[in-house]
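# Structure at a glance
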Amino acid sequence: MPHKEEHSEFTPDQYPPFPEDYQFPTVELTTISLQKLEENDGPEKDRAFEAFKTRGFVYLNLSGTANGETISQGSNDVARGAEQTFALPLEEKEKYRPTNKALFGYKLVGATKTDKAGTPDTAEFFNISKNDMIVDDSKMSRQWPNVVLERKPLYAKYCRAAHSTGMLIMDMLADKLGIDREDIRQRHVLEEMAGDHIRMTRGPPRKSAEMPEIQTPSHTDFGTITILMNWLGGLQVWSESSRKAGPLEPDVPGEWLWVKPKRGCAIVNLGDAAVKYTNGVLCSGRHRVIPSPGEQGKYPRYSVVYFVRPCDHTKMKTLKGHSVPPADDQDEEGIEAKEWIYQQAIGLGSNHLGK
Ligand SMILES: O=C(O)CCC(=O)C(=O)O
Ligand SMILES: [Fe+2]
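Described below are features of the structure shown in this document. (Residues numbered from 1 in each chain as written. Chains lettered and ligands numbered in written order. Predicted model: local features only at pLDDT ≥ 70, side-chain atom pairs only at ≥ 80, totals over all residues. Heavy atoms only, no water.)

### Considerations on the coordination of the iron ion (ligand 2)
Our working definition: Atoms are scored as donors when they are N, O or S and lie within 2.8 Å of the metal, with 3.2 Å used for Na, K and Ca; no water is included, so coordination may look incomplete. Strands are runs of DSSP state E lasting at least 2 residues, helices are runs of H or I lasting at least 4, and numbering of each runs from the N terminus. Classification of residues uses two cut-offs on accessible area relative to the type maximum, computed with a 1.4 Å probe and protein chains only: under 20% is buried, over 50% is exposed, and between them is partly exposed.
All of the protein donors around the iron ion (ligand 2) are His-219 (NE2), Asp-221 (OD) and His-287 (NE2); their distances to the metal are 2.1 to 2.2 Å. Written as a sequence motif, the donor arrangement for the iron ion (ligand 2) is H-x1-D-x65-H. Taken as a pair, Asp-221 in the loop between β6 (216-219) and β7 (225-230) and His-287 in strand β11 (residues 287-289) lie far apart in primary sequence, 66 residues in all. An identical accessibility class is assigned to Asp-221 and His-287; each is buried.

### Quick word on unusual backbone geometry
We note that Asn-40 has phi near 65°; this positive angle belongs to a residue other than glycine. Along the polypeptide, Asn-40 turns up in the loop between α1 (34-38) and α2 (42-54).

### Considerations on the side chain of Asp-171
Stated formally: Contacts are residue-level and defined by heavy atoms, with any inter-residue pair within 4.5 Å sufficient.
Mapped onto the elements of the fold, Asp-171 is located in helix α7 (residues 152-177). Judged by relative accessible area, Asp-171 falls into the buried class, the value being 10%. Setting aside its immediate chain neighbours within four residues, Asp-171 contacts Arg-181 and Arg-185.

### A few points about the packing of aromatic side chains
Two measures describe an aromatic ring pair: the distance that separates the ring centres and the angle between the ring planes. To be explicit about the condition: The rule is short: rings of Phe, Tyr and Trp, with Trp giving its six-membered ring, pair when the centres are within 6.5 Å, and they are stacked under 30 degrees, edge-to-face over 60, tilted in between. Charge-over-ring contacts are defined here by two conditions on Lys NZ or Arg CZ: a distance within 6 Å of the ring centre and an angle within 35 degrees of the ring normal.
The full count for this structure, using the stated rule, is ten aromatic pairs. Measuring from centroid to centroid gives 5.9 Å for Phe-10 and Tyr-302, while their planes differ by 70°, and the two rings are edge-to-face. Here Tyr-302 lies in strand β12 (residues 301-308) and Phe-10 lies in the segment before β1 (31-33), a separation of 292 residues in the sequence. Considered together, Phe-10 and Tyr-302 belong to a single accessibility category, that of buried residues. Seen in terms of ring centroids, Phe-86 and Tyr-302 are 6.4 Å apart; in terms of plane orientation they differ by 40°. Their pairing is tilted. In this pair, Phe-86 sits in helix α3 (residues 66-86) while Tyr-302 sits in strand β12, placing the two residues 216 residues apart along the sequence. Take Phe-86: its relative accessible area is 6%, and that puts it in the buried class. We classify Tyr-302 as buried; its relative accessible area is 2%. Cluster of aromatic residues (ring-pair linked, three or more members): Phe-10, Phe-86, Trp-231 and Tyr-302. The ring of Phe-125 is capped by Lys-107, whose NZ or CZ atom sits 4.9 Å from the centre of that ring.

### Section: the site of ligand 1
Counted only if it meets this: Note on definitions. A residue lies near a molecule or strand when any single heavy atom of the residue is within 4 Å of it. Any N or O atom pair separated by 3.5 Å or less is treated as a polar contact, with the protein-specific requirement of one donor-capable and one acceptor-capable atom, and with residues adjacent in sequence counted only for side-chain atom pairs. Values of accessible area rely on a 1.4 Å probe in the Shrake-Rupley scheme; residue burial ignores everything except the protein chains shown. A pocket, in this scheme, is an open set of points on a 1 Å grid over the protein atoms alone with protein on both sides within 12 Å along at least 5 of 7 lines, while a cavity is a set where a 1.4 Å probe fits but cannot get out; residues line either one if an atom lies within 4 Å of a point. Placement in a cavity or pocket follows one criterion, namely that more than half of the molecule's atoms lie within 2 Å of its grid points. The residue classification treats Ala, Val, Leu, Ile, Met, Phe, Trp, Tyr, Cys and Pro as nonpolar and Asp, Glu, Lys and Arg as charged. All others, Gly included, are polar.
Residues in close proximity to ligand 1 include Arg-199, His-219, Asp-221, Leu-228, Asn-230, Leu-235, His-287, Val-289, Arg-301, Ser-303, Val-305 and Phe-307, which together make up its full environment. The side chain of Arg-301 places a nitrogen or oxygen atom 2.8 Å from an oxygen atom of ligand 1. Burial of ligand 1 by the surrounding chains reaches 98%, relative to a free accessible area of 300 Å². The cavity that encloses ligand 1 is the second largest cavity. Among the elements that make up the shell around ligand 1, the one with the highest residue count is β12 (four residues). Class assignment of the residues belonging to the shell around ligand 1 gives a composition of five nonpolar, four polar and three charged.

### A look at the pairing of strand β5 (residues 197-203)
Operational definition: Pairing between two strands is assigned when DSSP locates at least 2 bridges connecting them.
Most of β5 sits out of view: seven of its seven residues are buried. Of the two faces of β5, the one holding His-197, Arg-199, Thr-201 and Gly-203 and the one holding Ile-198, Met-200 and Arg-202 are both buried throughout. With six bridges joining them, strand β4 (residues 124-129) and β5 adopt antiparallel strand pairing. Looking at the pairing, Ile-128 lines up with Ile-198 of β5.

### Re the sheet that holds β11
Counted only if it meets this: For helices, the axis comes from a line fit to the C-alpha atoms of the stretch in contact; other axes are also lines fit to C-alpha atoms, and the angle between any two N-to-C directions lies between 0 and 180 degrees.
If you trace the four strands from one edge of the open sheet to the other, you get β6-β11-β8-β9, paired in antiparallel fashion. Looking at the sheet topology across the chains shown, the edges are occupied by β6 and β9 (256-258). Taken pair by pair, the neighbouring strands of this sheet meet at an average axis angle of 25°, ignoring direction. As paired strands, strand β8 (residues 235-238) and β11 are joined by three bridges and run antiparallel to one another. Its bridge partner lying in β11, Leu-235 is registered against Val-289.

Any functional reading would require information beyond the geometric quantities listed.
Rendered as structure tokens:
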């Protein structure tokens, strides 16, 4: 991008390592190779299936594949774009608030409640719609700031690579469960309108040694599968997996465990739609984001998230497959994905959403 050199606060080369300290217990996640999945490697698929049934989170090693390279390199460029976007004046960013029951655009700091007492969150998001990035400007459904428009080719390429990577994993999971791949594929057609987006996030540096502020409250992702890139600690998963989506508080006893960022890897997790399709065989792990630990907490924290979500007008219901336990809703028509996701977002305490 032809941008003049400016002071940058996204400086991954300067970040101190994640602290090795008993105060910061980390989760052991299985590392899966995207290259091996692309090569249809049996043992790798078995390990991935197991991880998505139990914790619902894996590290995905991105090396050795074209899509992996796009995600790995592209996420740095997206984060630089994020920095420019968040640097816009607040009045300008506020012009891009979500409308029409879609979750695209700007979420300002404090728009979400992080607990029952109503404590506001501290992170800002800018959600860039996949559908608008992959079409001509004349066909876009919303306005975007110039800092986003000038990177449209980057965002389009990133969306395609992340969507395709998510679908490769969903094909593998469908095969394992005896679900017809097409039942999932037809619900995730790239060109059809969906809630898919690149979410750019920025959380402020930590204010004090205690861990006070919640950047993103406890949640499970709403969509099908999420590809996450982050450079600093801050993401935590709940130690016990739960199959029930529910707002804010974890519903089983456990503790928060840190997810250490791993170089060259994305963090991939399933969302509630994957749980719904499989009647709870697959798991969407509960997680949250707090300020980075130790010395890392002195830096603002950026992350780049891609949410693969069901197309707006597809029906949410349990799919049929030899390893999917029968459910009451299997023969029902089901609720439309756009409405289902909107309801999940409202349930999570988001109060900035346009009706
Ligand atoms: O920033 C992160 O590491 C995770 C963000 C996240 O969980 C989300 O946006 O849903
Ligand atoms: Fe999330």
